[in-house]
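# Geometric and topological summary
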Amino acid sequence: MYAFNYHRPATARQAASLLAKKEDAKLLAGGHTLLPTMKQRLASPGALVDLSSCADLKGIARKGRNLVIGAMTTHAEVASSPEVQQAIPALAYLASHIGDPHVRHRGTIGGSVANNDPAADYPAALLALGATVVTNKRKLPADEFFSGLYETALDEGEIIIKVSFPVASKAGYAKFRNPASRYALVGVFVAKRGSEVAVAIIGAGEGGVFRWPEAEAALKARFAVKSLDGLKHTAKGINGDIHADAEYRAHLIGVMAKQAVAQATGK
Amino acid sequence: MANLSMTVNGKAVTATVDPRTLLVQFLRENLRLTGTHVGCDTSQCGACVVHLDGKAVKACTTLALSCEGASVTTIEGLANGGALHPMQEAFREHHGLQCGFCTPGMIMAAVDIVNRRGNHLDEKTIREDLDGNICRCTGYHNIVKAIAAGAEAMAGGSTKDREPPRQAAE
């Protein structure tokens, strides 16, 4: 790692003012992407603003029809939260399958969402559930927030405060993990809210998380595994690498979508 | 340089460190607690697992300064004087190691599994929760057996004369 200055503010407001000081500062959440990147010298921020002491960025609360999760809430906390398990069990399930137990004790929802790794799990949940990312400056709907591989609508100096999830009537998540790295080759989150159905896919898109309109239309007609019979995702726009080529990933999308619907419908 | 204070294995420690110092470096190089190992240094192998405020974390991917005011337990903090911790005793009893390099992380992960899931662990749970710990010698049979026995022993039983859990083919 290259040298950096270190700050550990106690509130998000203090963090924002430190970030504005222009010493090429980066925010540190759980650190499980940023620190390995810095160790490899692929990132060399002049300063780190560690958010781990910002109590106002932590916590899980049910607010009316929404489940609100603070940006610095860890995957382990989301996975084990009775509020999450009761309101959106698929979200607790998703969080319980990120990385490994030790990673889940450090990694945070805000960090995952801000990084927008194409194989990260949370973006699928945000997009399918129609979540809102609340920053220190504005509220961003998930479909405006994620804008490409590792790209988001966040401006310089903008900090994610919390993520608000409308509670879905049905939701499910399934992923196929690379057997060695355990990263998702394909992950599919399905959600039904009223008459609306959303299917969001991670791990497979050349541009990061994306939706599958054909599957959504089929599931809107009838929300059942059978509705996806015969439906194939095109390999166009799907990324291929040494772990899985585009054809194989496209096939997995259909398989994982069915598993996600099965989980959502309890079948 | 920045000032740092935390509690390690029940003792208050203070130091002045470069902000780049990782928790595992601080433990090994400043405190000379070399039981915590660096295996992959890329947050995959789990040789560096310690407990941070009671939760298992990878010390190679945590800044020492992020642990200001925290309580850290390392493998050196488990034994009570000359008496091994029940999980350590179970690893010895069931030969849950070969070269021993991954063992400190395995044992810290194992105690964390017990803290989260209780004393009665089935094989599937243990194997799934060892997702973040890699052993390159033996495979995992005896490690899984040791953890099941150690978990029971932590409830007050003995690690000896206990039926190992049924084994699945590896």
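Attention here is on the structure that accompanies the text. These figures come from a predicted structure and were not determined experimentally. (Residues numbered from 1 in each chain as written. Chains lettered and ligands numbered in written order. Predicted model: local features only at pLDDT ≥ 70, side-chain atom pairs only at ≥ 80, totals over all residues.)

## Quick notes on unusual backbone geometry
Note on backbone geometry: most residues besides glycine have negative phi, and most peptide bonds are trans. Residue and element names in this part refer to chain A. Positive phi is not limited to glycine here, since Asn116 has a value of about 50°. As for its placement among the helices and strands, Asn116 is situated in the loop between α7 (109-115) and α8 (122-129). Of the residues examined, Asn116 has 22 C-beta atoms within 10 Å and is grouped as buried. (Helix = DSSP H or I, 4+ residues; strand = E, 2+ residues; numbered from the N terminus. Buried ≥ 20, exposed ≤ 12 C-beta atoms within 10 Å, placed from the backbone.)

## Description of the packing of helix α2 (residues 86-93) of chain B against helix α3 (residues 103-117) of chain B
Residue and element names in this part refer to chain B. It is the contact of α2 with α3, at a shortest axis distance of 10 Å, that shows an interaxial angle of 125°. With respect to each other, α2 and α3 are oriented oblique. The handedness of the crossing between α2 and α3 is right-handed. Facing Met87, Gln88 and Phe91 of α2, the residues of α3 in contact are Thr103, Ile107, Ala110 and Val111. The residue makeup of the contact of α2 with α3, split by class, is five nonpolar, two polar and no charged. (Axes fitted to C-alpha atoms, helices over the stretch in contact; angles between N-to-C directions. Parallel < 35°, antiparallel > 145°, perpendicular 65-115°, else oblique. Left-handed = near helix turned anticlockwise from the far one by under 90°. Contact = placed C-beta atoms within 7 Å. Nonpolar A, V, L, I, M, F, W, Y, C, P; charged D, E, K, R; others polar.)

## Points about the packing of α3(B) against helix α5 (residues 141-154) of chain B
All names here are of chain B. Between α3 and α5, the least distance of the axes is 10 Å, while the angle of their chain directions is 50°. Here α3 is positioned oblique relative to α5, judged by the angle of their axes. The crossing of α3 and α5 is right-handed. Residues Met106, Ala110, Ile113 and Val114 of α3 lie in contact with α5, whose contacting residues are Ile143, Ile147, Gly150, Ala151 and Met154. Here the contact of α3 with α5 is composed, by residue class, of eight nonpolar, one polar and no charged.

## Re the sheet that holds strand β11 (residues 170-177) of chain A
All names here are of chain A. Reading across the sheet, the four strands line up as β11-β12-β13-β14 and stay open at both edges, with antiparallel pairing between neighbours. Pairing within the sheet leaves two strands with one partner each, and these edge strands are β11 and β14 (210-211). As paired elements, strand β13 (residues 196-202) and β14 share two bridges and run antiparallel to each other. Bridge pairing links Ile201 to Phe210 in β14. (Pairing = 2+ DSSP bridges.)

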